[in-house]
Amino acid sequence: MKTNFKHYFKNQGVTIEQEIDSIFQLLVSQLSEKSVVVIERPSKGVSCKGVIIIYNRHELKRQRNEQSAYENALRAGQPKSSLIRPFKAKPVLMYAFYPDTMNPKRLGSVAIYGENVMADHIRLKKGDSLFGRTIISVKVEMGIGPFLDVRLV
């Protein structure tokens with residue numbers, strides 16, 4: 001999946017929430033019909049200020065259909081133990097946005113989760129920007145799985 005964007009906006013005076021909304025709109029306009037882009041806002045008190053998740057449209061539709069059939073079977077009285085758990089779509093790519101440590105109203109870093117972390121790492125190391133923002137550093141980190149920690153100016 002291509003995530004190398006040209007400079008999209010200047011971020012002077014733009015809040016982190018506005019920047020995340022702009023990135024969401026950019027992704028929606030750039031991705032194919034085979035993808036679904038979802039934005040989530042974390043609860044207050046959490047350091048992450050927003051998450052953008054990209055799913056394969058076909059897998060998301062399968063998840064909804066299987067979940068609906070599962071819930072209908074439960075309502076019809078079938079025991080849970082006799083049912084197969086519904087399919088769960090896995091994100092193709094996920095961006096988690098964090099504030100700048102010096103100015104919490106501005107975007108400071110992006111954690112990127114996906115299947116091609118190493119390929120994305122190489123591509124971002126060669127590039128100079130992500131979503132129109134200059135990259136300071138790109139590191140592979142480990143959480144539940146590998147992810148990229150991209151620090152921005």
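### Description of the sheet that holds strand β5 (residues 129-130)
Okay, so step 1: Taken together, the seven strands give an open sheet; going across it, the order is β1-β2-β3-β4-β7-β6-β5, and neighbouring strands pair in antiparallel fashion. Looking at which strands have only one partner, the edges of the open sheet turn out to be β1 (35-40) and β5.
Okay, so step 2: Of the strands in this sheet, β1, β2 (50-56), β3 (93-99), β4 (107-114) and β6 (133-142) touch helix α1 (residues 16-30), which is tilted by about 170° from β1.
Okay, so step 3: Those strands touched by helix α3 (residues 117-126) are β3, β4, β5, β6 and β7 (146-152), and its axis lies near 150° from that of β6.

### Observations concerning the pairing of β2
Okay, so step 1: The buried fraction of β2 amounts to six of the seven residues, a majority that puts the element mostly inside the structure.
Okay, so step 2: Relative to β2, β1 runs antiparallel, the two being bridged by six bridges. Note on β2: the bridge partner recorded for Ser 35 is Asn 56.

### A word on α3
Okay, so step 1: All of the buried residues along α3 are Val 117, Asp 120, His 121 and Leu 124. What you see down the axis of α3 is that its buried residues fit within an arc of 105°, all on one side.
Okay, so step 2: Looking at the packing, one finds that the buried side of α3 touches β3, β4, β5, β6 and β7.

### A look at the layout of surface pockets
Okay, so step 1: Approximately 180 Å³ is the volume attributed to the largest pocket.
Okay, so step 2: The wall of the largest pocket is formed by Lys 90, Pro 91, Val 92, Leu 93, Met 94, Tyr 113, Gly 114, Glu 115 and Pro 146.
Okay, so step 3: When residues of the lining of the largest pocket are traced back to their parent elements, those giving at least two are β3 and β4.
Okay, so step 4: Of the residues in the lining of the largest pocket, the class split is six nonpolar, one polar and two charged.

### Observations regarding the pairing of β4
Okay, so step 1: The element β4 is largely enclosed, with a buried count of six among its eight residues.
Okay, so step 2: Here β3 pairs with β4 via seven bridges, running antiparallel. Residue Tyr 95 lies in a different strand from β4, and its bridge partner there is Ile 112.
Okay, so step 3: Across four bridges, β4 lies against β7 in antiparallel orientation. When the bridges of β7 are listed, Ala 111 appears paired with Asp 149.

### Side note on the environment of Gly 127
Okay, so step 1: Position of Gly 127 relative to the elements: it lies in the loop between α3 and β5.
Okay, so step 2: A relative accessible area of 36% means that Gly 127 is categorised as partly exposed.
Okay, so step 3: As for Gly 127 and Lys 61, which are separated by 66 residues in sequence, their C-alpha atoms are 34 Å apart.

Rules behind the numbers
Residues numbered from 1 in each chain as written. Predicted model: local features only at pLDDT ≥ 70, side-chain atom pairs only at ≥ 80, totals over all residues. Heavy atoms only, no water. Pairing = 2+ DSSP bridges. Helix = DSSP H or I, 4+ residues; strand = E, 2+ residues; numbered from the N terminus. Contact = heavy atoms within 4.5 Å. Axes fitted to C-alpha atoms, helices over the stretch in contact; angles between N-to-C directions. Buried < 20%, exposed > 50% of the residue type's maximum accessible area, 1.4 Å probe, protein only. Arc of directions from axis to C-beta. 1 Å grid on protein atoms, 1.4 Å probe; cavity = no way out; pocket = protein on both sides within 12 Å on 5 of 7 lines; lining within 4 Å. Points joined across faces, edges and corners; volume = space filled by probe spheres on them. Nonpolar A, V, L, I, M, F, W, Y, C, P; charged D, E, K, R; others polar.

Spatial relationships are all this shows, so hold off on functional conclusions.
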